[in-house]
Amino acid sequence: MPEAVIRTVAPPPGLLASLDPLLRQWLPRQRWFAGKGRPVTGFTLVAATELLPPGARLGLYHLLVRAHQPDPPDVSGPSGSSARGGGAARPGDCYQLLIGVREALPPRLAPALIGHVGEGPLAGRTVYEALHDARPAELLLEALRTRARIGGLRFERDPGQEIRPGLVPRLMTVEQSNSSVVYGDTFVLKLLRRVVPGINPDLELPLALARQGCPRVPPPTAWLVADPDPADSGEPHVLGVLQPFLQGATDGWDLALRELAKGEDFTAEARALGRATAEVHTALARALPTVTLGHGRLRAMAAGMSERLAAAVRAVPALRPYATGLGSAYTALDDLAAEGRTWTAQRVHGDLHLGQCLRSPAGDWSLIDFEGEPARPLAERRMPQPAVRDVAAMLRSFDYAARSADPPRPEWAEHCRAAYCSGYAEAAGADPRTDPVMLRAYETDKAVYEVLYEARHRPQWLPVPLAAVRRLAGPDQT
Ligand SMILES: Nc1ncnc2c1ncn2[C@@H]1O[C@H](COP(=O)(O)OP(=O)(O)O)[C@@H](O)[C@H]1O
Ligand SMILES: O=P(O)(O)O[C@H]1O[C@H](CO)[C@@H](O[C@H]2O[C@H](CO)[C@@H](O)[C@H](O)[C@H]2O)[C@H](O)[C@H]1O
């Protein structure tokens, strides 16, 4: 594709107003829409770039739009941002959209339809989700390849990595929180959907790991950033990351379910995954600052966990009988801290589970998706934390897999959890099981998060974390 197709023209006035009624219907239906269950009451344009003028065949707009919604009843859990005091209205989440414009959609693009524009600058045109379309997807890759600057959009590439022109794009169809396009089975571009200003760990951590020569994470090849208006003091938004595509890789969740269905042992894989996690942690601790957590920080951490539990109990009453037992995990952490115990904290993955682990056909494990729990504020996601947090999250994932089997296989989870910790100990030199108080606190916090996540997103899965809650709360709950 020739470079000349990349054009920068200011979008026409009234563009967002003309799209508004269509986006109000379309946006809440998207898998990646974070504000589910609350109506969208309007939009503000954060940034707009015309990538192709709306000519006869194809127009293309890159938009950052803020979606206004009424506040959620409780904003401290998986689909809210964070608790905000004072009752101030939240500003609304900012989404990245790539909007195609055509006279009419060819049948192959029917699933991408957003709607037909009634009035304004695009009146009579059809607008659609342009990532489904080859030409716009090619244009993004070409811009990354050539390190283009288009309006406020900055396309960057690692000078040490080349991108071959002409790779054929296909939009991934997996369930995900963002949207990814695979190019010729060579690269995958993840376009972040809900974007926030500041350094995004999904770019920051893989870049840091690449600098360390850590082979467990695909190194970013290129990335896309929106710079703030020069008159504005805001920070850039990271909008997307291009990485090598691990061809033929299987994710740990699919693999675990497959082995469970066949009645096969998974402990060798669990052990290898433990080693891979420890290698990533060791490289992260070398690459980025670590800190020592003393009583004050640990007390705040335990208090945060207790607050999340209280919010989850309000939202999911089935948790109530277990609240005291679960809370004892946080009290135990606070007690240890009061006795003077300290922990080293470092940058971690932050949302590790079997679905974030990819095994190559040669049997090597890689970790992906370092965004952290997307609902948490960026500053919180970028804070150093005890590495055992990721371990606890993976232990939960083995439990999830075992409980998804029919019949559930709790002993399978126990074996995998033990093997994972042993593998971790082999590579890290310390066994996470020697830190049972922090491990239990994090596992409890994660199970509580999962109860809220499942209640909101996948109610049929709720029994899985609730079973863990019963176990973690201890035997004497009424
Ligand atoms: N480098 C890669 N190679 C192969 N597949 C990948 C790669 N990165 C991601 N994937 C696939 O894409 C899916 C979505 O990626 P992920 O980073 O988890 O996105 P999201 O944050 O939207 O959930 C993953 O589950 C995995 O199957
Ligand atoms: O993949 P994301 O980063 O969007 O993470 C969210 O969704 C996950 C589910 O897709 C959720 O993970 C939970 O379910 C998994 C099985 O589907 C299981 O392996 C995990 O252990 C469990 O936490 C994750 O919590 C959520 O943040």
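Per an unreviewed UniProt entry, the protein chain goes by Maltokinase and derives from Streptomyces prasinus. Check the Pathway (unreviewed entry) section of the UniProt entry for the protein chain; it says "Glycan biosynthesis; glycogen biosynthesis." We quote the UniProt Subunit (unreviewed entry) comment for the protein chain here in full: "Monomer."

**Digging into the site of ligand 2**
Lining the immediate surroundings of ligand 2 are 13 residues, of which Ser 177, Asp 351, Ser 397, Tyr 449 and Glu 450 lie closest. Within the contact set of ligand 2, an oxygen atom lies 3.3 Å away from a side-chain nitrogen or oxygen of Gln 356. Residue Tyr 453 places a side-chain N or O atom 2.9 Å away from an oxygen atom belonging to ligand 2. When ligand 2 sits alone it has 540 Å² of accessible area, and the protein chains cover 89% of it.

**Here's the deal with helix 4 (residues 252-262)**
Listing the buried residues of helix 4 in full gives Gly 252, Trp 253, Leu 255, Ala 256, Glu 259 and Leu 260. The buried residues of helix 4 all sit within an arc of 165° when viewed along its axis, so they share a single face. Opposite the buried face of helix 4, at more than 90 degrees from it, the exposed residues are Ala 261 and Lys 262. Taking the backbone nitrogen of Trp 253 as reference, a side-chain oxygen 2.9 Å away marks Asp 251 as the first, capping residue of helix 4. Note on helix 4: the residue one or two positions beyond its end, Gly 263, has a positive phi of about 70°.

Each value, and the rule that gives it
Residues numbered from 1 in each chain as written. Chains lettered and ligands numbered in written order. Predicted model: local features only at pLDDT ≥ 70, side-chain atom pairs only at ≥ 80, totals over all residues. Heavy atoms only, no water. UniProt positions renumbered as here; feature names shortened; annotations may be inferred. Near = heavy atom within 4 Å. Polar contact = N/O pair within 3.5 Å; in protein donor to acceptor, adjacent residues only side chain to side chain. Areas by Shrake-Rupley, 256 points an atom, 1.4 Å probe, with all protein chains shown as cover. Buried < 20%, exposed > 50% of the residue type's maximum accessible area, 1.4 Å probe, protein only. Helix = DSSP H or I, 4+ residues; strand = E, 2+ residues; numbered from the N terminus. Arc of directions from axis to C-beta.

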